[in-house]
Amino acid sequence: MAEHNLPAALSVWETRIAQFWKTADAAEGDALLTKMGSLRAQQPSHSPNVTYEMASVHDFIGSETAAIPLYREALANGLTEPRRSQAIIQLASSLRLCGHLNEAIDVLHTQNVDKDVVGEAAAAFLALTLWESGNQEEALRVSLAALAQGLPLYRNAVTRYAREL
């Protein structure tokens, strides 16, 4: 998102968020939550962007259980790109880490992500979750199909082999 297209207040907030993430250290969990709380107070409390950023902090410090409902809230309240696709990936990842494998797979199967934003990240997290759920063959299939998309040579062959697994 180009900063010149943002309202002035949002632009300042976005700049502060970017700076926050540049210096974030997961070892400073409580301090990060406090800093994000201060940034959160600068925007309307119902803002899906604000909710997403708070979810991301919880996720970043290893508090995935607290992040999950915040990601869901941000998505339900109309979170837009590029954060929307990131929230889908991060929600699925948090669900996987909390042992909710079927939910994570469902999120990745039912939610469309913008590949211009996240590339093949959805496939990567789907493969991880499938592997962890005991479906190694499907995990390999998903991985190979995603990998094939970026191959300058042998794309068709790898895609075909992935389908044949």
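The rules behind the values
Residues numbered from 1 in each chain as written. Predicted model: local features only at pLDDT ≥ 70, side-chain atom pairs only at ≥ 80, totals over all residues. Heavy atoms only, no water. 1 Å grid on protein atoms, 1.4 Å probe; cavity = no way out; pocket = protein on both sides within 12 Å on 5 of 7 lines; lining within 4 Å. Points joined across faces, edges and corners; volume = space filled by probe spheres on them. Helix = DSSP H or I, 4+ residues; strand = E, 2+ residues; numbered from the N terminus. Core = buried A, V, L, I, M, F, W, Y, C linked by side-chain atoms within 4.5 Å. Buried < 20%, exposed > 50% of the residue type's maximum accessible area, 1.4 Å probe, protein only. Contact = heavy atoms within 4.5 Å. Phe/Tyr/Trp six-rings, centres within 6.5 Å; stacked < 30°, edge-to-face > 60°. Axes fitted to C-alpha atoms, helices over the stretch in contact; angles between N-to-C directions. Parallel < 35°, antiparallel > 145°, perpendicular 65-115°, else oblique. Left-handed = near helix turned anticlockwise from the far one by under 90°. Nonpolar A, V, L, I, M, F, W, Y, C, P; charged D, E, K, R; others polar. Expected span 1.5 Å × (residues − 1).

J.: Explain the layout of surface pockets here, please?
T.: A probe as big as a water molecule, rolled over the atoms, marks out the empty space that is left. Of the volumes computed, that of the second largest pocket is approximately 220 Å³. Lining the second largest pocket are 15 residues; nearest its centre among them are Leu 108, Val 113, Lys 115, Ala 122 and Ala 123. Of all the elements in the fold, those that place two or more residues in the lining of the second largest pocket are α6 (101–110), α8 (121–132) and α9 (136–148).

J.: Help me out: how do you make sense of the nonpolar core in this one?
T.: Burial of nonpolar side chains together is a common tendency in soluble globular proteins. In this structure, Met 36, Tyr 71 and Ile 89 are the most contacted members of the largest nonpolar core, which totals 39 residues. Secondary structure elements with two or more residues in this core: α1 (8–23), α2 (29–40), α3 (48–60), α4 (64–76), α5 (83–97), α6, α8 and α9. Ignoring anything within four residues of it in the chain, the contact list for Tyr 71 reads Tyr 52, Ala 55, Ser 56, Asp 59, Ala 87, Gln 90, Leu 91 and Ser 94.

J.: Quick question: what am I supposed to make of the packing of aromatic side chains here?
T.: Aromatic ring pairs are defined here through the distance separating the ring centres and the angle between the ring planes. For the coordinates displayed, the defined rule picks out three aromatic pairs. Between Phe 20 and Trp 21, the aromatic rings sit 5.0 Å apart at their centres with planes inclined by 90 degrees, giving edge-to-face as the arrangement. Centroid distance Trp 21 to Phe 60: 5.4 Å. Interplanar angle 85 degrees. Geometry classified as edge-to-face. With Trp 21 in helix α1 and Phe 60 in helix α3, this pair connects stretches of sequence that are 39 residues apart. Trp 21 gets classed as partly exposed once you look at its relative accessible area, which sits at 28%. Overall, the relative accessible area of 36% leaves Phe 60 in the partly exposed class.

J.: Looking at this structure, how should I read the packing of α8 against α9?
T.: For any two helices packed against each other, the geometry is given by the interaxial angle and the distance between the axes. At their nearest, the axes of α8 and α9 sit 7 Å apart, and the two run at 165 degrees to each other. Here α8 is positioned roughly antiparallel relative to α9, judged by the angle of their axes. α8 and α9 meet at a crossing whose hand is left-handed. Contacts between α8 and α9 involve Ala 123, Leu 126, Ala 127, Leu 130 and Trp 131 on the former and, on the latter, Gln 136, Glu 138, Ala 139, Val 142, Ser 143 and Ala 146. Tallied by class, residues from the contact of α8 with α9 come to eight nonpolar, two polar and one charged.

J.: Explanation requested: α5 in the structure shown.
T.: Helical geometry note: an α-helix holds 3.6 residues per turn, so side chains three or four residues apart project in the same direction. In a regular helix each residue adds 1.5 Å, so 15 residues correspond to 21 Å; α5 covers 20 Å between its end C-alpha atoms and thus fits that length. Most of α5 sits inside the fold, with 11 of its 15 residues counted as buried. When α5 is considered as a whole, its buried residues turn out to be Arg 83, Ser 85, Ala 87, Ile 88, Ile 89, Leu 91, Ala 92, Ser 93, Ser 94, Leu 95 and Arg 96. Positive phi appears at Gly 99, one or two residues downstream of α5, with a value of about 85 degrees.

J.: Help me understand the environment of Ala 55, please; the structure alone is not making it clear to me.
T.: Along the chain, Ala 55 turns up in helix α3. Considered as a pair, Ala 55 and Ile 105 are 50 residues apart in the sequence and their alpha carbons are 20 Å apart. For Ala 55, the residues in contact, after removing those within four places along its chain, are Ala 67, Leu 70 and Tyr 71.

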